[in-house]
Amino acid sequence: MAEGKFRRFIRHKKLIFAFLYLIILPIIVISLVYGITYFKNRPVVFNDKNATILKYDETKDFRVKLNVSLVKNATKTSDGKITLTATIDKIQKDITDVNIYFELDNNWKSTKVTNDTPLTIKSGSTLSKGQEYTSTTKNLTFKNIYPIKPLWFVKLEAPDIYIKVTYKIKATDKEKKVYVRYTFDDYYSNKTVIDGL
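For the structure given in this document, a descriptive report is provided here. Every chain is numbered on its own, with residues counted from 1 as its sequence reads. The predicted origin of the model limits local features to residues at a pLDDT of at least 70 and limits the giving and counting of side-chain atom pairs to 80 or more, whereas totals for whole chains, interfaces and linings rest on all residues. Note that the side-chain values use all heavy atoms of the structure and ignore hydrogens as well as water.

Section: the overall build of the protein chain
Turning to step 1, where the next piece is worked out: What the protein chain contains, in helices and strands, is three helices and twelve strands.
Turning to step 2, where the next piece is worked out: Here the protein chain holds 197 residues, and 39% of them are scored as buried.
Turning to step 3, where the next piece is worked out: Note that accessible areas follow from Shrake-Rupley with a 1.4 Å probe, and for residues the cover is restricted to the protein chains shown. For the protein chain, the exposed area adds up to about 12300 Å²; of that, 54% sits on carbon and sulfur atoms. Strands are runs of DSSP state E lasting at least 2 residues, helices are runs of H or I lasting at least 4, and numbering of each runs from the N terminus. The buried label applies to any residue whose accessible area, calculated with a 1.4 Å probe on protein chains only, is under 20% of its type's maximum; exposed applies above 50%, and partly exposed to all values in between.

Overview of the side chain of Thr85
Turning to step 1, where the next piece is worked out: Mapped onto the elements of the fold, Thr85 is located in strand 3 (residues 80-89).
Turning to step 2, where the next piece is worked out: Looking at Thr85, the relative accessible area reads 16%, which means it is buried.
Turning to step 3, where the next piece is worked out: Between two residues, a contact is recorded if the distance between any of their heavy atoms is within 4.5 Å. Among all residues touching Thr85, those that are not within four sequence positions of it are Lys65, Leu66, Asn67, Thr134, Ser135, Thr136 and Thr137.

Some words on the packing of aromatic side chains
In this description, a pair of aromatic rings is defined by centroid distance and the angle of the planes.
Turning to step 1, where the next piece is worked out: Paired rings are identified among Phe, Tyr and Trp, the last through its six-membered ring, by centres lying within 6.5 Å, and are further divided according to the angle between planes into stacked (under 30 degrees), edge-to-face (over 60) and tilted (the rest). Taken as a whole, this structure holds one aromatic pair when the rule is applied.
Turning to step 2, where the next piece is worked out: Where Phe62 meets Tyr167, the ring centres are 4.9 Å apart and the plane angle is 80°; that geometry is what we call edge-to-face. With a gap of 105 residues between them, Phe62 in the loop between strand 1 (53-55) and strand 2 (63-73) and Tyr167 in strand 10 (residues 160-169) connect regions that are remote in the sequence.
Turning to step 3, where the next piece is worked out: In our convention, an over-ring charge means Lys NZ or Arg CZ found within 6 Å of a ring centre and within 35 degrees of that ring's normal. It is Lys164 that lies over the ring of Tyr101; its NZ or CZ is 5.1 Å from the centre.

Quick word on the pattern of salt bridges
Turning to step 1, where the next piece is worked out: Salt bridge, as used here: a side-chain nitrogen of Lys or Arg that lies within 4 Å of a carboxyl oxygen of Asp or Glu. Counting across every chain of the model gives five salt bridges.
Turning to step 2, where the next piece is worked out: Note that Lys176 and Asp61 form a salt bridge whose closest N and O atoms lie 3.0 Å from each other. Of the two residues, Lys176 sits in strand 11 (residues 174-182) while Asp61 sits in the loop between strand 1 and strand 2, which places them 115 residues apart along the sequence.
Turning to step 3, where the next piece is worked out: What makes Lys176 partly exposed here is its relative accessible area of 30%.
Turning to step 4, where the next piece is worked out: With relative accessibility at 8%, the residue Asp61 sits in the buried group.

Description of the pairing of strand 7 (residues 138-142)
Turning to step 1, where the next piece is worked out: Side chains of strand 7 alternate between two faces, with Lys138, Leu140 and Phe142 buried and Asn139 and Thr141 left unburied.
Turning to step 2, where the next piece is worked out: Only strands joined by at least two bridges in the DSSP assignment are considered to pair. Sheet topology note: the strand 3/strand 7 ladder contains five bridges and is antiparallel. Residue Ile82 lies in a different strand from strand 7, and its bridge partner there is Leu140.

Digging into the environment of Leu84
Turning to step 1, where the next piece is worked out: As for its placement among the helices and strands, Leu84 is situated in strand 3.
Turning to step 2, where the next piece is worked out: Each C-alpha atom of the pair Leu84 and Thr136 lies 8.5 Å from the other, and the pair is 52 residues apart in sequence.
Turning to step 3, where the next piece is worked out: Not counting the four nearest positions on each side in its chain, Leu84 is found in contact with Asn67, Val68, Phe102, Leu119, Thr136, Thr137, Lys138, Leu140 and Ile161.

Quick look at the structure:
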């Protein structure tokens, strides 16, 4: 019985090796290339290697929402521009001294843009529990290399927006910070994309 199976294996070994070579090996190679490229270029946001990056709806003390307009010029010689305002809502405790810093980057090809001037929301005032507050407008420009395809099956339409929010809990005067990432898909639903001429 075992000898019969071995003879069948010998008879079909070319077919088995062809299957392994043409299907399994490419899947392994593509997975390795994908993983190495992704992890090699993961951004270090705001020069903090230990930063825990949350999605916009995962923060505990409040939610920060962005209203984004994206201008991607058709020519690569002009810069792209993101215009945004931030809204803080779902506030759980009274907070003060809210500053919002921005970086643009992606996980595939380093295109970091850092803006050191924060957006402030009601500077010097308390943001009260249960209320909603909106910032002034901020413009961020980036090198217009988008869309880019770091791998043949990955296409990036625009940079991700990384936010660092620093604030104090009013009751304890304890300073806190939180990092939030907005991907292109996160802000695509409530944004305007303008392809310039």
